[in-house]
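A look at the structure
Residues per chain, in single letters:
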Number of protein chains: 4
Amino acid sequence: MARPATPAPAAGGEELTRGHKKKARTRQQLLDAALRIYARKGAGELALNELAEEASVSNGTVYNYFRTREEVLEAVGIELAVQLSHQIAMVSEGVSLGAQRTAIGVRTFLRRASADPEWASALLSVVRYAEGMRSALATYVRGDLQVGLEQGDFRFAHEGVAMTLVVSATMGAMAAIVDGETVEGHDSIVAEMVLLALGVTTTKARQIARLPLPVPAESPDDGRKMSRGPRK
Amino acid sequence: MARPATPAPAAGGEELTRGHKKKARTRQQLLDAALRIYARKGAGELALNELAEEASVSNGTVYNYFRTREEVLEAVGIELAVQLSHQIAMVSEGVSLGAQRTAIGVRTFLRRASADPEWASALLSVVRYAEGMRSALATYVRGDLQVGLEQGDFRFAHEGVAMTLVVSATMGAMAAIVDGETVEGHDSIVAEMVLLALGVTTTKARQIARLPLPVPAESPDDGRKMSRGPRK
Amino acid sequence: MARPATPAPAAGGEELTRGHKKKARTRQQLLDAALRIYARKGAGELALNELAEEASVSNGTVYNYFRTREEVLEAVGIELAVQLSHQIAMVSEGVSLGAQRTAIGVRTFLRRASADPEWASALLSVVRYAEGMRSALATYVRGDLQVGLEQGDFRFAHEGVAMTLVVSATMGAMAAIVDGETVEGHDSIVAEMVLLALGVTTTKARQIARLPLPVPAESPDDGRKMSRGPRK
Amino acid sequence: MARPATPAPAAGGEELTRGHKKKARTRQQLLDAALRIYARKGAGELALNELAEEASVSNGTVYNYFRTREEVLEAVGIELAVQLSHQIAMVSEGVSLGAQRTAIGVRTFLRRASADPEWASALLSVVRYAEGMRSALATYVRGDLQVGLEQGDFRFAHEGVAMTLVVSATMGAMAAIVDGETVEGHDSIVAEMVLLALGVTTTKARQIARLPLPVPAESPDDGRKMSRGPRK
DNA sequence: CATGAATGAGACTTCATTCAT
DNA sequence: TATGAATGAAGTCTCATTCAT
């Protein structure tokens, strides 16, 4: 499902009529609440009535937006994917080296997991269920892999396998972080190992993995949607 | 666990008489049934009613073996872990090179995932629930990592991080296999990437990852679901 | 415990194992409760949770016996049909004249409707929904019609149409009775009209419709299942 | 909220006209939609949400026309009754013989049930709910019965009982038709039986029941209200 | 120990009705 | 008036768990 990063300002399929921003607001309440619950208990545990309560909304209202648990998952997945798109695009903007972009991606995820374990927890739990989310991630990774391959830094036998490795290694490290494991320079260590796995030479891998991360052009509302804790 | 009515023929290994055997058998039926259900629908979905039916047992009987649903999950995790232990120990028995043992471990998992996707599916779904299961895995991996490090083949910055990477990369590849991805020489490709990530040199990694897998000393009851361990 | 594959030792369709009469008792509670509710509010209104409460049974128990509202309806329909079978068989036993049997049937229904409007109300409301019930009724009526035809008393153009007329006229009259209409000799009046409709001559119709009703061999538990009002 | 049947006709004759027309049209849309739903699923199932959608109107709008679900049911009943009045009046206009009028009424209903089972289905399902509807029917029937009695064709013991019989026999036959029973000359057969039940002599009943039905003075808007299928 | 009916908390889902726009 | 989002009571249904036999 392509579903471009743009939430659709003028989108043909959806309605965005004038005064009716209440609907959008409620929907956002629901997504936020879902993320909070995922962070706490994992996506498998989501109960729609619980979602209603967490979103301070009546029981039936949920059904104006989602008919099943899966639909919530899917919507949250898309929501997170959009956020990630912004995040990644912002952070590796201007970097043209595939290997470096890959490292930046990996490290950014791990940094954020340290800074915001709830976000990480929600992400991990959603990733398992939402197909749309996985493919969004994959697209980014795949692009960097191809660039790195063309630039001669990467040397791997199968792109799909390589992609899976990058994603799963990153997620695994995030899970460790969420579980409380703290390691000095965690992000660089993982990034270096991933680069090595992709065929980067020892010295280059070490060097790239330790470059200072570019500071993203921190837009004011970045991360807006997730950083709050439970409201009550 | 003193069962008064039990015959209890004076301390001896022979006391595994009928009653005990039957008891063990029922317990094993339950675990087997649980694994089948996991493979079909994921561990989150296990319903004890369904479990009872799958095991051809009445629903109340389940509670003679497990006090709660949680206990079932835990027991199944342990069961799988024990199976894994045997599998791994058997397969890398007699191999002393840490790097090779690691590669064998990774490849064995992936091979089995291809050969028995239901098993893989059950394993993946349990791994998320049972903590005890993860540590069982970790123990094996950690040993090999340390050996490889001492032998000078590995060069990594942090053992815990390395361990997480090995496990998560393997699991990620298994998930891909379960999802239907088929790649020529999948197991070797992944093993090579993992070795590279652990600091093995390019040529050595490639060579080790492609060694023929030792045929396990096929014991007659190999693969049989074991563990007649009495409940606690 | 033998745990035999055969749950039913002898019984044809249902199980009737020894100690387990509790199940039968609960089922009966539910049917009784359903009839009481039908009498009060019509079969369309039956709520399964309400049924549970009326039967003094937990909410989930209902689902051990019926999966849907329709299944309750069907079961109640059959229950009523069985009761009716007894009733009718008992009352027109020994009467061989088809026309007379028909009249007796009609009149018995109307008499009972007067005596027990709750029963009538339940019957009317179930009849609309339960197919099984209708066919049970139909069988009786059809038999009498055929006999009457052979005996030369009836003269109608189409048996199915005649049957429908007998049943609907009787039900209509019952509904009127339930609605409070009281008419001197109601049962005879209706019976006479029905006989006329079936082609019986004027004088014979009048005579047959006014014969004294045979007193049924009132068995002690007759009507047992319906006659009680709401228990609490 | 003022609920006057007529808002102030003060300002602007145009507003009055258009507004009123629209209002009446919307109301009619709702009634039509309700009848279509009745025909499909029975009156018990009418959901106002569904009604709104079937009428291409927003759900809140329904409440501008009816205060409660009950009112909708009632209004639909009346609507049908009015349609019936027209139908009956039209068809037996100019016929002065009570017995013949009765036969015509019965037969017309059955004919229409054959031709338009949806209409019949809606009618049958409403009859059970709307009291007002039954009395409308009754009025017509009663008139014909009295006429027939005075003319010496009928001979029945109780007018109320007779009326009930006529109505219920007709409805029963309609139900059979809706259920798919098709009989050659169904309408005449039923009419003849009904006449017999009312005391008409054998030969006369047969003759009257087989007279050709007068063709109604087809007014242009006859049947207007039911004949449309779903609009979209 | 095995059985399976009963339980009841809790989740799911619908829908008549209200109300701000 | 029209709209449609929100509400929440009421009903449906599942399932872990208990218990008498």
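Along each chain, residue indices are assigned from 1 in the same order as the chain's sequence is written. Key to labels: chains lettered from A, ligands numbered from 1, both in the order written. Thresholds applied to this predicted model are a pLDDT of at least 70 for local features of residues and 80 or more for the giving and counting of side-chain atom pairs; totals over whole chains, interfaces and linings are not thresholded and use all residues.

Some details on the protein's contact with DNA strand E
Surrounding DNA strand E, one finds 38 residues, the nearest of these being G60(A), K23(B), G60(B), T26(C) and G60(C). Where helices and strands are cited, they refer to DSSP runs of H or I of at least four residues and of E of at least two residues respectively, numbered from the N terminus. Contributing elements (two or more residues each) for the surface near DNA strand E: α2 (48-54) of chain A, α1 (18-41) and α3 (59-65) of chain B, α1 (21-41) of chain C together with α2 (48-54) and α3 (59-65) of chain D. At four residues, the largest contribution of residues to the surface near DNA strand E is made by α3(B). Partitioning the surface near DNA strand E into residue classes produces nine nonpolar, 22 polar and seven charged. The C-beta atom of each residue is placed using the backbone, and any residue whose C-beta lies within 6 Å of a molecule or strand is treated as near it. Each residue is assigned to one class: nonpolar for Ala, Val, Leu, Ile, Met, Phe, Trp, Tyr, Cys and Pro, charged for Asp, Glu, Lys and Arg, and polar for all the others, Gly among them.

A look at the protein's contact with DNA strand F
Near DNA strand F lie 37 residues; those nearest to it are T26(A), S58(A), G60(A), G60(C) and G60(D). Of all the elements, α3(D) adds the most residues to the surface near DNA strand F, at four residues. A breakdown of the residues in the surface near DNA strand F according to their chemical character gives nine nonpolar, 22 polar and six charged.

Remarks on the interface of chain B and chain A
Between chain B and chain A, the residue contacts involve 25 residues of the former and 25 residues of the latter. Of all the elements in the fold, those that place two or more residues in the side of chain B that touches chain A are α8 (159-178) and α9 (186-197) of chain B. The dominant element in the side of chain B that touches chain A, judged by the number of residues it contributes, is α8(B), at 11 residues. A per-class count over the side of chain B that touches chain A returns 16 nonpolar, eight polar and one charged. Remark: residues whose backbone-derived C-beta atoms lie within 7 Å of one another are considered to be in contact.

Examining the interface of chain C and chain D
Taken together, the contact pairs 25 residues of chain C with 25 residues of chain D. Listed by contribution, the elements that provide at least two residues to the side of chain C that touches chain D are α8 (159-178) and α9 (186-197) of chain C. Tallying contributions element by element places α8(C) first for the side of chain C that touches chain D, with 11 residues. In terms of residue class, the side of chain C that touches chain D is built from 16 nonpolar, eight polar and one charged.

Focus: the nonpolar core
Counting 139 residues, the largest nonpolar core has A34(A), V126(A), V194(A), L195(A), A34(B), V194(B) and L195(B) as the members making the most contacts within it. The dominant element in this core, judged by the number of residues it contributes, is helix α7 (residues 159-178) of chain A, at 13 residues. Residues lining this core come from more than one domain, with at least three contributed by each of domain 1 (18-73) and domain 2 (76-210) of chain B. The residues contacting A34(B), other than those within four sequence positions of it, are L46(B), L51(B), V72(B) and V76(B). Listed in part, the 135 residues of the second largest apolar core include Y129(C), I208(C), L73(D) and V141(D). What makes a nonpolar core is a set of buried Ala, Val, Leu, Ile, Met, Phe, Trp, Tyr and Cys residues, with links drawn between C-beta atoms within 7 Å. Residue burial here comes from a neighbour count, namely the number of other C-beta atoms, placed from the backbone, that lie within 10 Å of the residue's own C-beta, with 20 or more meaning buried, 12 or fewer meaning exposed, and in between meaning partly exposed. Note that the domain bounds were set by an automatic or database domain assignment.

Here's the deal with the relation of the copies chain B and chain A
If you rotate chain B by 180° and push it 0.4 Å along the axis, it lands on chain A with an RMSD of 0.5 Å. Such a combination of rotation and displacement between the chain copies is what one expects of a two-fold axis. Scanning chain B for the C-alpha nearest the rotation axis identifies A197(B), at a separation of 2.3 Å. The share of interface residues of chain B whose copies in chain A are also at the interface is 100%, consistent with both copies meeting through the same surface. Here the copies are superposed with least squares, the fitted atoms being C-alpha atoms of residues at a pLDDT of at least 70 in both.

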